[in-house]
Amino acid sequence: MIGETAGRFTAERFAAPAAVDRLRSRALLAGGAGILLAAVGFLLDRPAFFRAWLVGWLYWLGIALGCLAIMMLHHMTRGAWGLVARRLLEAAARTVPLLALLFLPLLFGLRELYSWARPEAAADHLLQLKAAYLNVPFFVARAALYCLIWGGFAFLLSGLSRRQDETGDLRLTRRMQLVAAPGIVLYCLAASFASVDWLMSLQPHWFSTIYGVYFLGGQGLSALAFLIVVAFFFARREPLGDVLSSGHFHDWGKLLLAFVMLWTYFSFSQFLIVWAGNLPEEVTWYLARTRHGWQWVALALVLFHFALPFVLLLSRDLKRRPRRLALVAGWMLVMRWVDLVWQVQPAFGGGRFAFSWLYLVTPVAVGGLWLAAWAGELKKRPLLPIRDPWLPEAVAHD
């Protein structure tokens, strides 16, 4: 099997195509234009800029971290579905340092975003009780720790994967599995705390014990949708055009359906627990998001984030047709953005419906830079793990 792998799969044959360079150039142009527009928005409306930047940053961070989680899940479970996508996932996971850098603008807007960071928080008894956790130095230190954990596992696993390409050492497969096991645990813990820091504390009087897994489910869903879209991009081009089959897309479609259901389960469970408890300190979050026009956004999430993709993804035929599946995945990426706007904006302005044009600009600004970085990382290695002993079997999957 090792000889077969070495003969059929070489670094030269599976180098990134020229289309990746074109994608990178266009992404940089879009990101640069987005940055300029975001700078104008900062000058015109500073609070709206920080809210929109938070949404745009969390959107792309969710894709990168979801890719890291799926990559670690694949190392734990194996399977053709993840092996042929490993390089796409690894490249996304290695963008964590860039996302850490893009987090820095938010540090200048902590007072605009978080009431616990303002001087008047000293007069709020409940915020004083939470001050040991919700304070600026500790907030920044935790963010740095989260990025170190995520980036550390991303580069450690990518490094082991690169060494396997170079040496063909079969022991590295087991070593990646051993690294991924604690990696998944630490990823989940860090992301759960990050959800409290970056989103839940927008309304620091509110709390939910299930919010962390709700946050995690959204990241997994974002990453799978992104994977399907970019896999469709490469399936239409050499060298992966002859590798990615309808069987691979079928597997990814089933996983996408599973994560749609998982996100819905977490979302509905949180709502049900809050509704059944009917406590003033818990219902405020939903009151702000189901009144003054936001109820229509909530309804759109029910219909188009769950019901429509759920019905479509039940079809085996659709999941085996890359173009149709990519359209559903692209739609899910749009709805992930809607979900984040729905989570962030109602925390401000007493729940009144408001939508800033900056919510459209910042995902383009952050996303352009992120996609350019992702494409750059993708070009550094072959598009397949060419010395993995299970690669021939994964490619033959249909």
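Above: the structure in question.
Remember, it's a predicted structure, so these values are computed and weren't measured experimentally. Residue numbers here run from 1 along each chain, matching the order of that chain's written sequence. The model is predicted, so local features are restricted to residues of pLDDT at least 70 and side-chain atom pairs to those at 80 or more, both for listing and for counting; the totals for chains, interfaces and linings are taken over all residues. In computing side-chain properties, one takes all heavy atoms of the structure into account and sets aside hydrogens as well as water.

Caption draft 1: Highlighting the overall build of the protein chain. For the purposes of this entry, the term helix denotes a DSSP run of H or I that reaches at least four residues, the term strand denotes a run of E that reaches at least two, and both are numbered from the N terminus. A tally of regular secondary structure across the protein chain gives 19 helices and zero strands. A radius of gyration in this sense is built from C-alpha atoms; the matching globule rule multiplies 2.2 Å by the number of residues raised to 0.38. On C-alpha atoms alone, the protein chain measures out to a radius of gyration of 21 Å, which is about the 21 Å that the 2.2 N^0.38 rule sets for 398 residues. With the C-alpha coordinates aligned to their principal axes, the bounding extent of the protein chain is approximately 70 × 40 × 40 Å. The buried share of the protein chain, reckoned over its 398 residues, is 55%. Nonlocal contacts in the protein chain, meaning residues at least 24 apart in sequence, comprise 81% of its contacts between residues at least 6 apart. Here the protein chain contributes 37 positive and 23 negative side-chain charges, whose respective centroids are spaced 2 Å apart. Note on exposure labels: buried denotes an accessible area under 20% of the residue type's maximum, exposed denotes more than 50%, and partly exposed covers the range between, all computed with a 1.4 Å probe on protein chains only. Contact between two residues is taken to exist if any of their heavy atoms lie within 4.5 Å; hydrogens are not considered. In summary, the charge assignment counts Lys and Arg as positive and Asp and Glu as negative, without counting His or the chain termini. For the purpose of locating charges, the reference atoms are NZ of Lys, CZ of Arg, CG of Asp and CD of Glu.

Caption draft 2: View of the pattern of salt bridges. A pair is scored as a salt bridge if a Lys or Arg side-chain nitrogen falls within 4 Å of a carboxyl oxygen belonging to Asp or Glu. Within this structure, the stated rule accounts for 15 salt bridges. Close ionic contact of R78 with D388 constitutes a salt bridge, the shortest N to O distance being 3.4 Å. One end of the pair, R78, is in the loop between α3 (46-77) and α4 (80-83); the other, D388, is in the loop between α18 (358-378) and α19 (391-395), with 310 residues separating them in the sequence. The partner of R142 in a salt bridge is D197, and the shortest N-O contact between them spans 2.8 Å.

Caption draft 3: The arrangement of the packing of aromatic side chains in detail. Here a pair means two rings of Phe, Tyr or Trp (six-membered ring of Trp) with centres within 6.5 Å. Their orientation is stacked below 30 degrees between planes, edge-to-face above 60, and tilted elsewhere. For the coordinates displayed, the defined rule picks out 37 aromatic pairs. When the ring of F42 is compared with that of F50, the centres are 5.9 Å apart and the planes differ by 90°; the resulting orientation is edge-to-face. Given the relative accessible area of 29%, F42 is considered partly exposed. Taking the relative accessible area as the measure of exposure, F50 reaches 1% and is therefore buried. In this scheme, the term charge over a ring applies when either NZ of a lysine or CZ of an arginine sits within 6 Å of the ring centre and within 35 degrees of the ring normal. The aromatic ring of F348 is capped on one face by R51, whose charged end is 4.2 Å from the ring centroid. Over the face of the ring belonging to F233 we find R237, whose NZ or CZ atom lies 4.0 Å from the ring centre.

Caption draft 4: Representation of the side chain of R142. Mapped onto the elements of the fold, R142 is located in helix α10 (residues 136-167). For R142, the residues in contact, after removing those within four places along its chain, are Y133, L134 and D197.

Caption draft 5: Broad picture of the state of the cysteines. Any two cysteine sulfur atoms lying within 2.5 Å of each other are counted as a disulfide. Under the criterion given, the structure shown has zero disulfides. Not part of a disulfide, C188 finds its nearest cysteine sulfur in C67, a span of 15 Å. The class of C188 is partly exposed, set by a relative accessible area of 27%.

Caption draft 6: Summary view of the packing of helix α2 (residues 18-44) against α18. Structural elements are reduced to axes, namely lines fitted to C-alpha atoms, with helices fitted over the stretch in contact, and the angle between N-to-C directions of any two is expressed from 0 to 180 degrees. At a minimum axis distance of 7 Å, the contact between α2 and α18 shows a crossing angle of 150°. As judged from the angle between their axes, α2 and α18 are roughly antiparallel. When you trace α2 past α18, the crossing you get is left-handed. Facing α2, whose interface residues are V20, L23, R24, A27, L28, A30, G31, G34, I35, L37, A38 and G41, α18 presents L358, V361, V364, A365, G368, L369, L371, A372, W374, A375, G376 and L378. Under the convention adopted here, Pro, Cys and the residues Ala, Val, Leu, Ile, Met, Phe, Trp and Tyr are nonpolar, Asp, Glu, Lys and Arg are charged, and Gly plus all remaining residues are polar. Class assignment of the residues belonging to the contact of α2 with α18 gives a composition of 18 nonpolar, five polar and one charged. Roughly parallel here means an angle under 35 degrees, roughly antiparallel means over 145, roughly perpendicular means 65 to 115, and every remaining angle is called oblique. Handedness of a crossing follows from how the near helix is turned relative to the far one, being left-handed for an anticlockwise turn of less than a right angle and right-handed for a clockwise one.

Caption draft 7: Quick peek at helix α5 (residues 86-93). Of all eight residues in α5, eight are buried, a share of seventy percent or more. Of the positions making up α5, those classed as buried are R86, R87, L88, L89, E90, A91, A92 and A93.

Caption draft 8: Structural view of the packing of helix α13 (residues 246-277) against helix α17 (residues 322-344). At a minimum axis separation of 11 Å, α13 and α17 run at an interaxial angle of 25°. Put simply, α13 runs roughly parallel to α17. Between α13 and α17 lies a crossing whose hand is left-handed. Contact with α13, carried on its side by F249, G253, L256, V260 and W263, involves P322, L325, A329, M332, R336 and D339 of α17 and no other residues of that element. The class makeup of the residues in the contact of α13 with α17 is eight nonpolar, one polar and two charged.

Caption draft 9: Structural detail: the nonpolar core. Membership of the largest hydrophobic core comes to 138 residues, with the highest contact counts inside it found for W57, Y114, W150, W198, W252 and W374. By residue number, the principal contributor to this core is α3, which donates 21 residues. Residues in contact with W57, not counting those within four places in the same chain, are L99, L102, F103, L106, W198 and V366. Among buried residues, the Ala, Val, Leu, Ile, Met, Phe, Trp, Tyr and Cys ones that are joined through side-chain atoms within 4.5 Å form a nonpolar core.

Caption draft 10: Region of the structure containing unusual backbone geometry. The residue after E238, namely P239, is reached through a cis peptide bond having omega 10°. Examined against the element boundaries, P239 turns out to sit in the loop between α12 (211-235) and α13. Within the chain, R78 stands out as a residue other than glycine whose phi angle is a positive 65°. Overall, the relative accessible area of 19% leaves R78 in the buried class. You will see that N278, though not glycine, has its phi angle at about 55°, which is positive. You can see N278 is positioned in the loop between α13 and α14 (280-289).

Scope: geometric values only; no functional claims are made or implied.
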